[in-house]
Amino acid sequence: MLFKDVVGQSAIKEMMIESVKTDRISHAQLFFEGKGFGALPLVIAYARYIFCKDKQEQDSCGICPSCLKINNLAHPDLHFSFPIQLSAKGNTADYYLEEWKELIKESNYFTEEDWYKKTGNENKKGVIGKDESQNILKKLQLKSFEGNYKVVILFGAERMNISAANKLLKLIEEPPARTLFLLTTTNLEFILPTIRSRTQITRLDKPKTDEVVNYLAKEAIDQAKALEIAHYVDGNIAEAIQLSHGEDPTAEYFTLFVEWMRICFSRDVAKALELSVSIAALGREKQKAYIVFCLGIVQKCLSGNFLPDDKVKISPSQQAFMNKFMPFINPSNVFKLHKHLTDAHNHIDRNANAKILFLDLSFKLFGLIKK
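Keep in mind it's a predicted model, so treat the numbers as computed, not measured.

Caption draft 1: Molecular detail of the overall build of the chain. When you go through the chain residue by residue, the secondary structure sums to 17 helices and 5 strands. Taking the principal axes of the C-alpha coordinates as reference, the chain spans close to 65 × 45 × 35 Å. Classification of the 371 residues of the chain by burial places 52% in the buried group. Long-range pairs, those at least 24 residues apart, make up 74% of the contacts in the chain between residues at least 6 apart in sequence. For the chain, the exposed surface amounts to about 17800 Å²; the carbon and sulfur share of it is 53%. The distance from the centre of the 49 positive side-chain charges to the centre of the 45 negative ones in the chain is 4 Å.

Okay, structure coming up:
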């Protein structure tokens, strides 16, 4: 991944390049992104530029020995850390490194959920534990092989548990010479304040619609289709890539949402019970993702009552239902809807019984889904 391959982020790229040219690279940087904005490809391009033996004015050369090793994710001074499901296989990222490299080579733009799906654990969140922090420490105690710097890219930094964060904090406070930490996160609030205060925080810009269109056009996507996708994904490049390949990661959730709202409108207790069983079968992480999706639909419906159609991000396949459903989400019920859904998300996170929770939530929605 070169800087030119990263969608948008022009100002941040310039800042990165200037920091390398002036040899004023902050040893600990935290990149905060919206989902799918591209923090991982950006920091990989940054590491490549740092290691490149023949740096160009605005990018790496792409052909020097260091660049070729980065292509294969085999540079000896570049280390990756990421959340994993702790298991008998092992408690550090090294045990999953081959799967990690495969996913990056398939597409630099992917989400945390895509990573879990790759490892076959999509219903369970991963963690970055104390063993992983200890593993990073061991790697950084070694001298750099050829890159002058040692770089650690830590994906999903919000998944560090307390023990791991405290160990990493010591490394950040007193890092080995010429050592760089590049952390990425989609949730800044979940990172310990002590870590945040010791890192240089960079907030990624949301890729613009025309930038997404241009990126998809390079992938041989029809201009009209690219514009349709770019308008819908609202800067989420990972989702744009999936949609361009004919994959809609939210299709299952939307079908479930339509069914659920019809049940709530008709106040059908028997079908609400059946649906709660179906949702419970999804698994805890998918249930949480479904609630987040529902909150997004509620927001779009409310916006659709006041904004022009071209300002509301709705896919064509959802448009017909949404046009009919929008009047049922309005200022008289939106705050209660948001609270009930948010509470449900928090309860799922605390291992509430999903069947009971979604049935109870349906009963609460019975009286709220109305014009």
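Continuing now.
Caption draft 2: View of the sheet that holds strand E1 (residues 28-32). The strand order across the open sheet built from 5 strands is E2-E3-E4-E1-E5, with neighbouring strands paired in parallel fashion. Because the sheet does not close on itself, it has two edges, and the strands there are strand E2 (78-81) and strand E5 (200-203). Mean inter-strand twist for the sheet, computed between neighbouring axes without regard to direction, equals 20°. Note: E1 against strand E4 (residues 179-185), 5 bridges, orientation parallel. If you follow Leu30 over to E4, its bridge partner there is Leu183.

Caption draft 3: Representation of empty space enclosed by the protein. Applying the stated rule across the entire model yields 1 cavity of 30 Å³ or more. When residues of the lining of the largest cavity are traced back to their parent elements, those giving at least two are helix H12 (251-266), helix H14 (284-304) and helix H16 (334-349). Broken down by element, the residue count for the lining of the largest cavity peaks at 3 residues, all from H12. Classifying every residue of the lining of the largest cavity by side-chain character gives 10 nonpolar, no polar and no charged.

Caption draft 4: Here's a closer look at helix H4 (residues 97-106). Among all positions in H4, only Trp100, Lys101, Leu103 and Ile104 are buried. Down the axis of H4, the buried set is contained in an arc of 160°. They therefore lie on one face. Facing away from the buried side of H4 by more than 90 degrees, the exposed set consists of Glu98, Lys105 and Glu106. Looking at the packing, one finds that the buried side of H4 touches helix H2 (39-51), E2 and helix H5 (112-118).

Caption draft 5: Focus on the environment of Thr179. One can find Thr179 in strand E4. In this structure, the C-alpha to C-alpha distance between Thr179 and Pro193, residues 14 residues apart in sequence, is 22 Å. Beyond its immediate chain neighbours, meaning those up to four positions away, Thr179 contacts His27, Leu140 and Lys150. Polar contacts involving the side chain of Thr179 include one to the main-chain carbonyl oxygen of Pro176, which spans 3.0 Å.

Caption draft 6: Representation of unusual backbone geometry in the model. Despite not being glycine, Arg178 has its phi angle at roughly 55°, a positive value. Along the polypeptide, Arg178 turns up in the loop between helix H7 (162-173) and E4. Looking at Arg178, the relative accessible area reads 35%, which means it is partly exposed. Although it is not a glycine, Asp234 sits at a positive phi angle of roughly 55°. Considering the arrangement of structural elements, one finds Asp234 in the loop between helix H10 (223-233) and helix H11 (237-244). Classification of Asp234 as partly exposed rests on a relative accessible area of 33%.

Rules used throughout
- Residues numbered from 1 in each chain as written.
- Predicted model: local features only at pLDDT ≥ 70, side-chain atom pairs only at ≥ 80, totals over all residues.
- Heavy atoms only, no water.
- Helix = DSSP H or I, 4+ residues; strand = E, 2+ residues; numbered from the N terminus.
- Buried < 20%, exposed > 50% of the residue type's maximum accessible area, 1.4 Å probe, protein only.
- Contact = heavy atoms within 4.5 Å.
- Areas by Shrake-Rupley, 256 points an atom, 1.4 Å probe, with all protein chains shown as cover.
- Lys, Arg positive; Asp, Glu negative; His and termini not counted.
- Charge placed at Lys NZ, Arg CZ, Asp CG, Glu CD.
- Pairing = 2+ DSSP bridges.
- Axes fitted to C-alpha atoms, helices over the stretch in contact; angles between N-to-C directions.
- 1 Å grid on protein atoms, 1.4 Å probe; cavity = no way out; pocket = protein on both sides within 12 Å on 5 of 7 lines; lining within 4 Å.
- Points joined across faces, edges and corners; volume = space filled by probe spheres on them.
- Nonpolar A, V, L, I, M, F, W, Y, C, P; charged D, E, K, R; others polar.
- Arc of directions from axis to C-beta.
- Polar contact = N/O pair within 3.5 Å; in protein donor to acceptor, adjacent residues only side chain to side chain.

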